[in-house]
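Summary of structural features
The lines below spell out each chain.
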Amino acid sequence: MQFRLNGGDRKCKVSPRTLLVDVLRDECGTTSVHIGCDEGICGACTIFLNGESVKSCLVLAVQAEGKDVETLEGTGSVKELDVVQQAFGEEFALQCGFCTPGMVVSARALLKNNPNPTDQEIRAAMVGNLCRCTGYQNILKAVKKAAERLQSG
Amino acid sequence: MRPASFGYQLASNLIDASQACARGAIPLAGGQSLIAAMKSRQMTPELLVDIGELRDLRGISIKSERIRIGALTRHCDLIRSELLKEKVPWLCEAASLIGDVQIRNRGSIGGNVCFADPRANLPPVLISLNATAVVGSSESSREVPIENLFQGFRENALVAGEILLAVEFDVVEGQKGSYRELSPQLNGVPLVNVSVSSGNSIGVGVGGLNSCPLRLIRVEEALVDGIGPALEAFDGEAFEPLEDLQAGAKYRIKVGRVLLRRALEEVLN
């Protein structure tokens, strides 16, 4: 199969039963994509597929043929965090950090379509991402902060 | 877990897809139910035919007050559709309560219907709207009342070679409707769901009260005498709901009655 990963072309040999999440982690080394529940609930494996957030544990690798995949590795890095990641850090929106990559993707997906979301809209947009540490309040604050910063440029 | 091994074919047109289905392939659309069921090995198909690229099966249109929704139209498309928001907002509401953003970005109306889970969100609404399923194969196509598509727990009535192409329903000026569900988790799978739609006649669809979604014909008939008789007709039905750790049969039936009453009151009063 061929697809674009974070702007670069990728070629992988996969069997039909291979999940996209496994290709991303094992073949491509984009290990920001986490496997939590592995049944489409927790959202730790959330990525962008053709610009839309999806759960990569519920996508067959072959379904990504010719498509555009984006993971966290495509934007921020440890040295240079992007706006959403920076806000998550400042607002203490993570403890163990396992859910964070999926959270950040979902937050970005929300802010792309809705630059100034209400609390309710943020909660609704993040329903598909579970965090077992923070209790979500700080995640909410972080997304709000990121929204403010993105709006003020 | 990972799915058991299977063959995969990408369909480039409907004939391809239909021929694969005639050989026993299961159509793969968004895969949000199918892939999950394959991972847990509840389903172990030998061949999948990926219909995801059949763009003709996508989209929402209206022609002489009849709405057509292509089978591959995703839940997120239903929610965003200005046409549906104006004409049948309760269908949009039912779609907005499916899974989460990520699931709705991939899951399709055709998959939601064909997976035929008794608790799926969209079937009760489509039943209440008296929707028709447009089903096609490489040779022919036919139209079926949507409720006839549901045969049993996760069993649909499509025969070998057939694929769901679209659902269609009439919209009427001043039409009202309601979708109600009780779900133990926010945006989770409902225990029971109910939809009522007015129009030329009042339609009542329920989920979670049997092995597949149902039209409540006796309740519909009793509605000419009002909500009270309709609820009595509900009490006279012999439901056989699922029972699991979340809820027993009696509780689900009780909840179904409450949801039905609220939906009827919303639509009729």
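Residues numbered from 1 in each chain as written. Chains lettered and ligands numbered in written order. Predicted model: local features only at pLDDT ≥ 70, side-chain atom pairs only at ≥ 80, totals over all residues. Heavy atoms only, no water.

**Quick notes on the overall build of chain B**
Looking only at helices and strands, chain B has eleven helices and 14 strands in total. Compactness check: chain B gives a C-alpha radius of gyration of 18 Å against a globular reference of 18 Å for 269 residues, within 12% of the reference. Considering only C-alpha atoms, chain B reaches an extent of 55 × 45 × 30 Å along its principal axes. The contacts of chain B with a sequence gap of at least 6 include a subset with a gap of at least 24, amounting to 62%. Looking at chain B as shown, the accessible area adds up to about 11,500 Å², and 49% of this sits on carbon and sulfur atoms. Side-chain charges in chain B split into 28 positive and 32 negative, and the spacing between the mean points of these groups amounts to 6 Å. (Helix = DSSP H or I, 4+ residues; strand = E, 2+ residues; numbered from the N terminus. Rg over C-alpha atoms; globule rule 2.2 N^0.38 Å. Contact = heavy atoms within 4.5 Å. Areas by Shrake-Rupley, 256 points an atom, 1.4 Å probe, with all protein chains shown as cover. Lys, Arg positive; Asp, Glu negative; His and termini not counted. Charge placed at Lys NZ, Arg CZ, Asp CG, Glu CD.)

**Here's the deal with the domain arrangement of chain A**
Residues and elements named next belong to chain A. Here chain A is described as being made up of domain 1 (2-74) and domain 2 (83-152). Each of domain 1 and domain 2 has a C-alpha centre, and these two points are 21 Å apart. At the interface, 16 residues of domain 1 touch 14 residues of domain 2. Contact with domain 2 buries surface across domain 1, with H34, F48 and L72 losing the most and accounting together for 44% of the total. The tally of links from domain 1 across to domain 2 stands at zero salt bridges. On the surface where domain 1 and domain 2 come into contact, there are six residue pairs in polar contact (both at pLDDT 80 or more). Elements that contribute at least two residues to the side of domain 1 that touches domain 2 include exactly β3 (46-49) and β4 (52-55). It is β3 that contributes the most residues to the side of domain 1 that touches domain 2, three residues altogether. Looking at the side of domain 1 that touches domain 2 residue by residue, the classes come out as seven nonpolar, seven polar and two charged. (Domains from an automatic or database assignment. Buried area = accessible area lost by both parts, 1.4 Å probe. Salt bridge = Lys/Arg side-chain N within 4 Å of Asp/Glu carboxyl O. Polar contact = N/O pair within 3.5 Å; in protein donor to acceptor, adjacent residues only side chain to side chain. Nonpolar A, V, L, I, M, F, W, Y, C, P; charged D, E, K, R; others polar.)

**A word on the domain arrangement of chain B**
Residues and elements named next belong to chain B. Split by domain assignment, chain B resolves into domain 1 (7-50), domain 2 (57-170) and domain 3 (177-268). Summarising the inter-unit geometry, the C-alpha centres of domain 2 and domain 3 are found 19 Å apart. Counting the surface lost from both domain 2 and domain 3, the interface buries some 2,100 Å², and carbon and sulfur atoms represent 57% of this. Summed over the shared surface of domain 2 and domain 3, the number is one salt bridge.

**Side note on the state of the cysteines**
Two cysteines form a disulfide when their sulfur atoms are joined by a covalent bond. Residues and elements named next belong to chain A. Tallied over the full model, the rule gives zero disulfides over all chains. You can see C28 has no disulfide; the closest cysteine sulfur is in C12, sitting 4.2 Å from it. C45 supplies the cysteine sulfur nearest to C57, a cysteine that is in no disulfide, at a spacing of 3.8 Å. (Disulfide = S-S within 2.5 Å.)

**Digging into the pattern of salt bridges**
In the structure shown here, the tally under the stated rule is 29 salt bridges over all chains. Two residues, R2 of chain B and D22 of chain A, come together in a salt bridge whose shortest N-O distance is 2.5 Å. Residue R2 of chain B is located in the segment before β1 (7-10), and its partner D22 of chain A is located in helix α1 (residues 20-27); the two belong to separate chains. Residue class for D22 of chain A comes out buried when judged on its relative accessible area of 14%. E220 of chain B is paired through a salt bridge with R215 of chain B; the nearest N and O atoms lie 2.8 Å apart. Comparing E220 of chain B with R215 of chain B, the two get one shared label, buried. Salt bridges sharing common partners tie together D22 and D38 of chain A together with R2 and K39 of chain B. (Buried < 20%, exposed > 50% of the residue type's maximum accessible area, 1.4 Å probe, protein only.)

**What to know about unusual backbone geometry**
One non-glycine residue, D38 of chain A, lies in positive phi territory at about 65°. Mapped onto the fold, D38 of chain A is located in the loop between α1 and β3. Given a relative accessible area of 15%, D38 of chain A falls into the buried group. Residues other than glycine seldom take positive phi values, yet R41 of chain B does so here, at roughly 65°.

**Thoughts on the side chain of Q63 of chain A**
Looking at the element boundaries, Q63 of chain A is found in the loop between β4 and β5 (68-70). One polar contact links the side chain of Q63 of chain A to the main-chain carbonyl oxygen of A29 of chain B, over a distance of 3.4 Å. Not counting chain neighbours up to four residues away, the residues in contact with Q63 of chain A comprise L58 of chain A together with L28, A29, G30, I35, D50 and R106 of chain B.

**As for the interface of chain A and chain B**
By convention, interface size is frequently given as the accessible area that disappears when the constituent parts associate. Across the boundary between the two partners, chain A contributes 30 residues, which contact 30 residues of chain B. Between chain A and chain B, the buried area comes to about 2,200 Å², and carbon and sulfur atoms account for 52% of it. Three residues, R17, L58 and Q63 of chain A, lead the burial of chain A against chain B; their summed loss comes to 30% of the area buried on that side. Joining chain A to chain B, the criterion identifies six salt bridges. Counting the contacts that link chain A with chain B gives 15 residue pairs in polar contact (both at pLDDT 80 or more). Here the residues of the side of chain A that touches chain B sort into 15 nonpolar, eight polar and seven charged.

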